[in-house]
Structure formats: C-alpha cells, structure tokens
Amino acid sequence: MKPHYDYIITGAGLAGLSLLMRMMQHPFFDTAQILVIDAAQKNTNDRTWCFWEKEPDIFEPIVCKKWEQVSFIAPSYKSELNLSPFVYKMIRGIDLYTTVLALAANKTNISFCTEPVLSVQSTQTGATVELNNQKLTATKVFNSILFEPANVLAQKSADYFLWQHFKGYEIKTETPVFNDAVATLMDFTVDQSNGTTFMYVMPTSTTTALVEYTLFTENLLADSAYNDAIYAYIQKTYGNIKYTITHQEFGKIPMTNFTFSSGAGNVINMGVAGGQVKGSSGYAFHFIQEKTKTVIADVVAGTNPLRTPNFSQKKFGLYDAVLLRVLQDKKLDGATIFTQIFSKNPPDRVFRFLNNESSLIDDLHIMSSVPTRIFLPAALYALLGVKRRRA
Ligand SMILES: Cc1cc2nc3c(=O)[nH]c(=O)nc-3n(C[C@H](O)[C@H](O)[C@H](O)COP(=O)(O)OP(=O)(O)OC[C@H]3O[C@@H](n4cnc5c(N)ncnc54)[C@H](O)[C@@H]3O)c2cc1C
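Nothing here was measured: the structure is a model prediction, and the numbers come from that model. (Residues numbered from 1 in each chain as written. Predicted model: local features only at pLDDT ≥ 70, side-chain atom pairs only at ≥ 80, totals over all residues.)

## Considering unusual backbone geometry
In this structure, proline 85 follows serine 84 across a cis peptide bond, with omega equal to 10 degrees. One can find proline 85 in the loop between strand S6 (77-82) and strand S7 (87-92). The phi angle at lysine 42 is positive, at roughly 60 degrees, despite the residue not being glycine. Here lysine 42 is to be found in the loop between strand S2 (34-38) and strand S3 (48-53). (Helix = DSSP H or I, 4+ residues; strand = E, 2+ residues; numbered from the N terminus.)

Encoded structure:
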C-alpha cells in the first residue's frame, strides 16, 4: 500500500461500491489513485436489495427479478397495485459485490485492502485513514462506516428511534405456488402485538420466493420468533406445501430522525453512515444511488460534495419525523396508516412520496389520507421541535 491516494473509499458495501462503480464509468477518475478498504472480503450473499425506479441505472445488468405489480394486504383492504411508471427490482448482494470487485480488479489505478478502519479524519490538506499499523492520507475520503452503532448515536440527540428488523428465508417449493408477476410489498394480516409488523414476499419464480418477516419496533425479537412467524405465514398462506430453505438473511435498519453527519472537510459520509436511510421506511438503495451520483458530479465539477440540506430534504425529513412520532408513540398503528395511504392514493403518487420525489400537491393528497387529529399535532410538535417525552 502507498502512503497517499487521491481517493480512499472506506467501507465497500452498497454505498462504497456504488461510488466505485460510478468512478469506474467516468473518465475523470481513470488516472486517479483509488484505495478501497473494508474489514470484510465481501464474498457472502448477506442481503437482498429491492427498490423501485423509472429508468434503468448502473446495476440494471444484475437485477435478478422485476415486478410491475405489487400487492398490499391488510385485514380491511387488499389491492394489487400497478406500479407504472415505476418497476420494482431485486438485486442480490453477492451479485453487486462480485460484479464491482471484478471490474475494479482489472483497473491498475484501484487497490484494495481488507482491514478494519479505526478512524477517518479531515485535515487541512486532505484526510487521514487510521488502520491498525499505519495511517494513510488521501485528498478525499468517502466513508460509509458507522463508527458507533446507530441506536447509540441516536440516543444522544434523536427523538425517535425504531429498528426496522427482519428475517428472510429464500424458499424453494416442490410444486408451483407463487404468482411471480406480483410481489407482496406488505401483508399486515399477521399478529400486530409487537408493533407494526408485516410479511414481505418476493416471488422470483412460481417455486421460489424471498419471504421476510418485518417489524418496526424499539427492540429486536429472539431468533425463534422470526422463524416461527415465517413458518406460520407460509402454512397459513400456501397450505401444507413442501419446501426447502435455500438462503437466510437478517437485517436491522435504523428508522430515526437522528441527523447522521454528512461528513466534514475532506471526509464525505455516505450510506447509512451519511443518513441515506429514509427514516420512516428504512429504504436506502435509491437514496444511496442518488447520493453517489451527486458526489461524482461534484468531484468532477470541482465543487464541494458536502452540502447543507435543501428545502426538499428538510421537507421529507419533517414528514419522516411526523410518521415516526405517530408510530413510536403508538398514536396509530402502521397497518392502519399504510392502509389509508394505499387505499386513497394512486400507487405512483405513493411511490413518488416514498422516494422523496413527490410535489407539494402530492404531499397534500397523502396527508389528507391519514387522520388529521393524529397527524396534525405530531406535525406541529415536529415543526416546533418539541421534544418527545421518553418513557
Ligand atoms: C439484510 C438487509 C436487507 C436490506 N434490504 C434493503 C432493501 O431491500 N432496500 C433498501 O432500500 N434497503 C435495504 N437495506 C438497507 C440498506 O440498503 C443496506 O443496509 C445497505 O447495504 C446500506 O449500504 P451502506 O454502504 O451504508 O452499508 P453496508 O452495505 O453495510 O456497507 C458498510 C461496509 O462497511 C464495512 N465496515 C463496517 N465497519 C468497518 C470497519 N470498522 N472497518 C472496515 N470496514 C468496515 C462493512 O464490512 C460493510 O462492507 C437492507 C439492509 C440489510 C441489512
């Protein structure tokens, strides 16, 4: 390893490798010396990403399944939603890691290091990255490592913090049972006693699907509780079918109004560490792609990638805080909120809203779908910065 690089990317997960992919596609970076550091080898299929978009982006070649329709199911409402102009897409973690790493292996200006990063820091002339036995310097560091757990950070200043936690099984059935043209975005017909809880079913063929048990709550469950819920759901929904579990994944994503640092000086934070998880939904893939596009554009243009939040970002941050307040204080359950939103709005408006791309008119429609007596006080509290009373 050299002591100095033009750019060091700390963290080679979704954010780090999305940025690296975009760098490899731009001639500006052809001669730049780039180092990518991650504690892990990135050779396991540790997560599956789903997201919706209108136009294909850089990872289109590794999309393993697409749906133009999704279903929303709740005790009092059921609908199949046509997503047009959006398409819901799935990418397997391992496909993204191997694709980007294989492309980068052919580039003489890109190096890799598998080591834990202890810290990153901006200096007057660039930035430093501290490893166990050495300190490297770079002109800029793009960091997606969260050096403190999200819930510990959030305790310091956030009002709302829930985990979106889930366990997913990829299953293969002996006989065809799934309609693979329709993905189940949320099925709320499961026990809600822990808080907002739903099943998420992504059929990749008539005999294979990712079945995920998801909760928005303050505490995680015992592993057996996720397993029992998935077994019970498969039996309730598909009957006594024979199936094998081909893959399992577990995730916990912070849902909070905590302001994650966007970086400082020559250190630019991205991904979960940079606040690119949508506080009220846990979706991050789309926001990470948007962030890495902007970072590349700024570096190429010679402008500072560190920006203060614009009006739109503040607006959606406020909406997230309002929804989190309602959910965390249990003013209204998630099943009712999402039922009202999905039953009273066309799907493209809801998906624009969830992608932080809706207009003020769209927002007003969405807001008028949910009970004013509950959401208006929560909005006033969030607007006025009234602190939530902790239990
Ligand atoms: C199982 C799972 C499923 C998800 N599914 C979706 C989805 O369907 N749609 C969606 O929008 N979002 C989803 N998310 C949320 C989000 O998109 C992912 O968490 C995404 O991977 C975040 O990207 P990131 O780069 O911020 O973090 P990561 O991808 O986690 O990358 C961080 C990297 O930093 C490395 N690292 C950490 N600490 C150190 C250290 N000290 N030194 C060196 N390296 C370190 C890690 O090894 C890792 O490679 C999911 C999350 C999980 C966990």
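## Points about the environment of tyrosine 97
Within the secondary structure, tyrosine 97 is located in helix H2 (residues 93-105). For tyrosine 97, a count of 22 C-beta atoms within 10 Å gives the class buried. Each C-alpha atom of the pair tyrosine 97 and alanine 209 lies 22 Å from the other, and the pair is 112 residues apart in sequence. In this structure tyrosine 97 touches Leu17 and Lys42, once residues within four positions along its chain are discounted. (Buried ≥ 20, exposed ≤ 12 C-beta atoms within 10 Å, placed from the backbone. Contact = placed C-beta atoms within 7 Å.)

## Here we look at the packing of helix H8 (residues 347-354) against helix H9 (residues 360-367)
The geometry of H8 relative to H9 is characterised by a closest axis approach of 10 Å and an angle of 105 degrees between their N-to-C directions. Comparing the axis directions of H8 and H9 gives the class roughly perpendicular. The residues of H9 that touch H8, namely those facing Arg349, Arg352 and Phe353, are Asp362, Asp363, His365 and Ile366. The residue makeup of the contact of H8 with H9, split by class, is 2 nonpolar, 1 polar and 4 charged. (Axes fitted to C-alpha atoms, helices over the stretch in contact; angles between N-to-C directions. Parallel < 35°, antiparallel > 145°, perpendicular 65-115°, else oblique. Nonpolar A, V, L, I, M, F, W, Y, C, P; charged D, E, K, R; others polar.)

## What to know about the nonpolar core
Within the largest apolar cluster, 108 residues are counted, with the highest numbers of intra-cluster contacts made by Ile8, Ile9, Leu20, Ile34 and Val211. Looking at this core, the element that brings in the most residues is helix H6 (residues 311-328), giving 8 residues. Contact partners of isoleucine 34, with chain neighbours within four places excluded, come to Tyr5, Asp6, Tyr7, Ile9, Met23, Phe29, Asn109 and Ile110. (Core = buried A, V, L, I, M, F, W, Y, C linked by C-beta atoms within 7 Å.)

## Some words on helix H4 (residues 223-238)
An ideal rise of 1.5 Å per residue puts 22 Å on 16 residues; H4 measures up with 23 Å between its terminal C-alpha atoms. Packed against the buried residues of H4 are strand S12 (161-173) and strand S15 (208-217). Directly beyond the C-terminal end of H4, a positive phi value near 80 degrees is found at glycine 239. (Expected span 1.5 Å × (residues − 1).)

## A few points about the domain arrangement of the protein
We note that the domain assignment places domain 1 (4-63 + 93-148 + 257-301), domain 2 (161-255) and domain 3 (311-384) within the protein. Contacts between domain 2 and domain 3 engage 7 residues on the former and 7 residues on the latter. The class makeup of the residues in the side of domain 2 that touches domain 3 is 5 nonpolar, 2 polar and no charged. (Domains from an automatic or database assignment.)

## Some remarks on the sheet that holds strand S14 (residues 196-203)
As summarised here, the arrangement of the 7 strands in space is S6-S5-S13-S14-S15-S12-S16, forming an open sheet in which the pairing is mixed. Across the chains shown, the open sheet's two edge strands, defined by having one partner strand only, are S6 and strand S16 (243-256). On average, each strand axis in the sheet is inclined to that of its neighbour by 15 degrees, with strand direction left out of account. On top of the sheet, helix H3 (residues 150-157) reaches S12 and S16; it is set at about 20 degrees to S16, its chief contact. Lying over the sheet, helix H7 (residues 334-344) contacts strand S5 (69-74), S6, strand S13 (182-187), S14 and S15, oriented at roughly 50 degrees with respect to S6. (Pairing = 2+ DSSP bridges.)

## Topic: the site of the ligand
By nearness alone, 28 residues border the ligand, and Gly11, Gly13, Ala15, Gly251 and Gly271 come closest of all. Both domain 1 (4-63 + 93-148 + 257-301) and domain 2 (161-255) contribute no fewer than three residues apiece to the shell around the ligand. (Near = placed C-beta within 6 Å.)

## Here we look at the packing of helix H1 (residues 14-24) against helix H5 (residues 285-301)
Two numbers describe how H1 lies on H5: the axes approach to 9 Å, and their chain directions differ by 40 degrees. In terms of orientation, H1 and H5 fall into the oblique class. Considering how the two elements wind past one another, H1 and H5 form a crossing that is right-handed. Taking contact as the criterion, the partners of Leu14, Ala15, Ser18, Leu19, Arg22 and Met23 in H1 are, on H5, Phe285, Ile288, Gln289, Thr292, Lys293, Val295 and Ile296. Here the contact of H1 with H5 is composed, by residue class, of 8 nonpolar, 3 polar and 2 charged. (Left-handed = near helix turned anticlockwise from the far one by under 90°.)

## Regarding the environment of glutamine 69
Secondary-structure assignment places glutamine 69 in strand S5. For the pair formed by glutamine 69 and valine 182, sequence separation is 113 residues and the distance between their alpha carbons is 5.0 Å. Non-local contacts of glutamine 69, meaning those with residues more than four positions away in its chain, are made with Glu80, Leu81, Asn82, Leu83, Ala181 and Val182.

## Quick notes on the sheet that holds S7
Two strands in a sheet stick together by hydrogen bonds in their backbones, pointing the same way (parallel) or opposite ways (antiparallel). Reading across from one edge, S3-S7-S4 is the order of the 3 strands in this open sheet, with antiparallel pairing throughout. For this open sheet the edge positions go to S3 and strand S4 (63-67), each flanked by a neighbour on one side alone. The mean inter-strand angle of the sheet, taken between neighbouring strand axes irrespective of direction, is 25 degrees. In terms of strand pairing, S3 meets S7 through 6 bridges, oriented antiparallel. Bridge pairing in S7 places glutamate 53 opposite valine 87.

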